[in-house]
Every structure is written in structure tokens, then in C-alpha cells.
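Residue-level structure breakdown
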Amino acid sequence: GGPALLSRFRGALVGAVLGDCVGGEFEGAEEVPLERVLQHLSALEREERGEGILQYSDDTAMTRCVVQSLLTRGVFDQQDLARRFAEEYRSAPGRGYGSGVVQVLQKLASPRLSDVFQPARAQFGGRGSFGNGGAMRSAPFALAFSDPAQVKKYSRLGAMLTHYCSLGYNGAVLQALAVHLALQGALEVPQAFINSLISEMEDIEAEDQAFSDARALNEPEFPFCTRLRRVKEFMERSSVSIEEVTSELGNGIAALHSVPTAIFCVLHCLEPQPGLPDCYGGFERTVAYCLALGGDTDTIACMAGAIAGAHYGIEAVPPAWQRWCEGAEEAEVWAEHLHQLYLRSLQRG
Ligand code: F2R
Ligand code: MG
Ligand code: MG
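Residues numbered from 1 in each chain as written. Chains lettered and ligands numbered in written order. Predicted model: local features only at pLDDT ≥ 70, side-chain atom pairs only at ≥ 80, totals over all residues. Heavy atoms only, no water.

1. Describing the pattern of salt bridges
Where side chains of opposite charge bring their charged atoms close, a pairing between them can arise. A complete count under the given rule lists 17 salt bridges for this structure. Here R121 makes a salt bridge to D115, at a shortest N to O gap of 2.2 Å. For D115, a relative accessible area of 30% translates into the label partly exposed. (Salt bridge = Lys/Arg side-chain N within 4 Å of Asp/Glu carboxyl O. Buried < 20%, exposed > 50% of the residue type's maximum accessible area, 1.4 Å probe, protein only.)

2. Observations concerning helix α13 (residues 223-236)
An ideal rise of 1.5 Å per residue puts 20 Å on 14 residues; α13 measures up with 21 Å between its terminal C-alpha atoms. Those residues of α13 that are buried lie in contact with α10 (166-183), α11 (190-204), α12 (208-216), α14 (242-248) and α15 (259-268). (Helix = DSSP H or I, 4+ residues; strand = E, 2+ residues; numbered from the N terminus. Expected span 1.5 Å × (residues − 1). Contact = heavy atoms within 4.5 Å.)

3. Some points on the packing of aromatic side chains
Given two aromatic rings, their pairing is described by the distance between the two centres and the angle made by the two planes. For the coordinates displayed, the defined rule picks out 10 aromatic pairs. Ring geometry for Y89 against Y97: centres 5.2 Å apart, planes inclined by 90°, an arrangement best described as edge-to-face. In this structure Y97 comes out as buried when scored by relative accessible area, which is 11%. One aromatic cluster is present, built from ring pairs that chain together F76, F141, F145 and Y154. (Phe/Tyr/Trp six-rings, centres within 6.5 Å; stacked < 30°, edge-to-face > 60°.)

4. A short note on the coordination of the magnesium ion (ligand 3)
The protein atoms that coordinate the magnesium ion (ligand 3) are E27 (OE), D296 (OD), D298 (OD) and T299 (OG1), at distances of 2.0 to 2.3 Å. One can describe the site at the magnesium ion (ligand 3) as octahedral: its six donor atoms subtend angles covering 77 to 176° at the metal. Along the chain, the residues donating to the magnesium ion (ligand 3) fall in the pattern E-x268-D-x1-D-T. Between the magnesium ion (ligand 3) and the magnesium ion (ligand 2), both coordinated by D298, there is a metal-metal distance of 3.7 Å. A single burial state applies to D296 and to D298, both of which are buried. (Donors = N, O, S within 2.8 Å, 3.2 Å for Na, K, Ca; no water. Tetrahedral: all angles 85-135°; square planar, octahedral: opposite > 155°, others 65-115°.)

What follows is the structure, encoded as C-alpha cells:
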């Protein structure tokens, strides 16, 4: 049951672009009244929009590099991807990149660089970045590879080009796995979906590097598992306030404070929510809810948009919203090409 696989692919990629473009309005805002979110979204329904097109930010710029690299090379190629990140940043540096990652992107442009992971390793005194920049661009790995082992391996490596801290790259793996499961229709059984993610992250976080990063950053061992268990507790409650979500799951720029939050937004909005219009379907509810959290709204909506789009399919993504989003049309075409790549990887077994 549910949408066809191709519709899910198109939903995932367009959903990510739309979340970034629409969510950019509130990025960095501490509090966002729901009324302002609904005004922003209802303005997208108008034929004319004074403010014009909503431009995509670094989230989509880097996602496009991942997509183009995977489609051109047909495999994961770290040199090619590093070169594309550097070139994208050189040609459009004003897309709102994180303040640390720009140093990596500048170093990746050097023709003398032989180890493409070296600039990311040197970040933050050798700890590496724990920002969500690896996670925000990891959906294409779930669209290119059908085997979950490959989804995990390549989303981790793809993130490590800029985010060498386990709290950064493990967020990218978690996001890619969430999209991978949503593509299979796993959100039809929400409890099984969250249990699968917890069980995957129990394996992924059981490594020395993750233990030492967690210790150094004053986080508990298995930090992503801990947050996902909190998501599960919230799912079991009849109501959860925005304040509880932002204080306990987070709405910030760290992968740990945003990837589990994005997953929660999708799960929470599977059902109608008070304050959100009855005419909204699950995809619209998810995007609106992400924006109402404030904080890193473009990135949380981008990640939740990819998961929700993979679950509901492209038919659930309002065309009226899509038409104002830079890059949405292209995303649909690329999703079709990624779908072909995925089917080929499925045939190879
Ligand atoms: N940068 C932004 N938003 C800021 C405002 C943009 C504004 N619209 C504008 O145009 O000026 N958004 C984008 O950045 C996030 C992704 O960031 P990424 O790629 O992870 O960057 P970075 O620099 O690696 O990490 C982000 C910050 O996290 C802190 N940090 C990370 N690791 C750290 C460590 N080991 N120790 C201490 N701090 C660490 C730093 O403050 C980094 O700058 C997305 O929201 C995207 O939309
Ligand atoms: Mg951004
Ligand atoms: Mg952001």
C-alpha cells in the first residue's frame, strides 16, 4: 500500500528542497508564533507573491552536489564530491553556510590536497564539526542505494568530508536511515519505525570514537539513542508542548539537537495537531510544525521534509508551495534519475 516508490523518491527530494526554502524565513528566530507560520504558508497559496521566489540555502546547495556526484559517477566518489562542494561554495558563497564549514570548503578547493578528509579533521582543534551540515544533505544516499549497509557507509563518508566528529556524521547516518525506512513505508507503523532507528543507532554508536566524542562533549554515551528514546516517550504522550520539544530534543545547529527533532516532527504530525488547519495533510502539518519550533528551521524542515516526502509521496506536497521554491522542479527530475540508480542497485543485489 501507500504511494508508489517513484512518488516517494520525488516526495523526498522535493520535500527536502521545500523545507529548506520555506523554513529559511524563520532560521535563528527564538520564538515563532504559529500564527506567523500560517501566514507565511498561506502567502504561498497566492497567485502573486510580492517577495518572489524563496531561495534555497546551503542545505540544498550541498544536497545538489551529493545528487550530481552520485548521478554522474554512478558510485560514491569522495574526490568528486569534495570538488563539487568546493566549487559550489566558490561560485555561490552567500547561501548561509555555517561559520566553521567555510574553512573546510576553501581548503577543499586546493589542487594540492591529497587527503580530502584532512580539512574536516582539522576543524575545531582537531575534534571535527558536530554541526548538522552533514545530516542536512544526506537524503540522496537513501535514494541512490537500496542496501542499508551502503546507505550507512556512504552517508557517513559523505558527511565526514566536512563533519569529522561522530556527533556530526552519525546524525547524517540517522537522517539517511530515516529516509531509507520511510521509502519502504515503515512509517505506517510508527512504533516499529522508531524502534528500528534506535536499534540501528545502538550498533552505530557502539564504537570507541563515539564514546570518546560523547565524553569530551559532556554528552551521555549513545547520545542519538538517548534522544530517540525521548522521541519515543513523547510519542506515547497525549500532548507535548513546543517548549518541551525544543528544550529536550533541541532546535539548534548541532546534529544531535536537530536530527532527532526532525524525526519527531514527522512522527508527531502523522495525526492532526491542535492549531494546525484541518485542511492540511500530513506533509503540510510537518513543515508547519518544524517552522513553529524556531531555531534551525530551514534545516529541521529540510530533514523532516525529506522523511515526510518519502512517506507521503509527491502527491502530498502542495504544488502551490513548490512553485515558489528555487530548485524544486529540478529536484523532481533528479529524483527520477536517482530512482533508476536505486533500481539498478536493487537488481545487483
Ligand atoms: N549557518 C547557518 N545559519 C546561520 C545564519 C545564516 C544566515 N541566514 C546568513 O545568511 O548569514 N545555517 C547553516 O548552517 C547549519 C549547518 O552548519 P554546518 O555545515 O554544520 O557548519 P559548521 O560550521 O561545521 O557547524 C555549525 C556551527 O556549530 C558549532 N560547532 C560545530 N562543531 C563544533 C565543535 N566541535 N566545537 C564547537 N562548536 C562547534 C559552531 O558554532 C559552528 O559554526 C545549518 O543550519 C545550515 O542551514
Ligand atoms: Mg541553511
Ligand atoms: Mg539551518
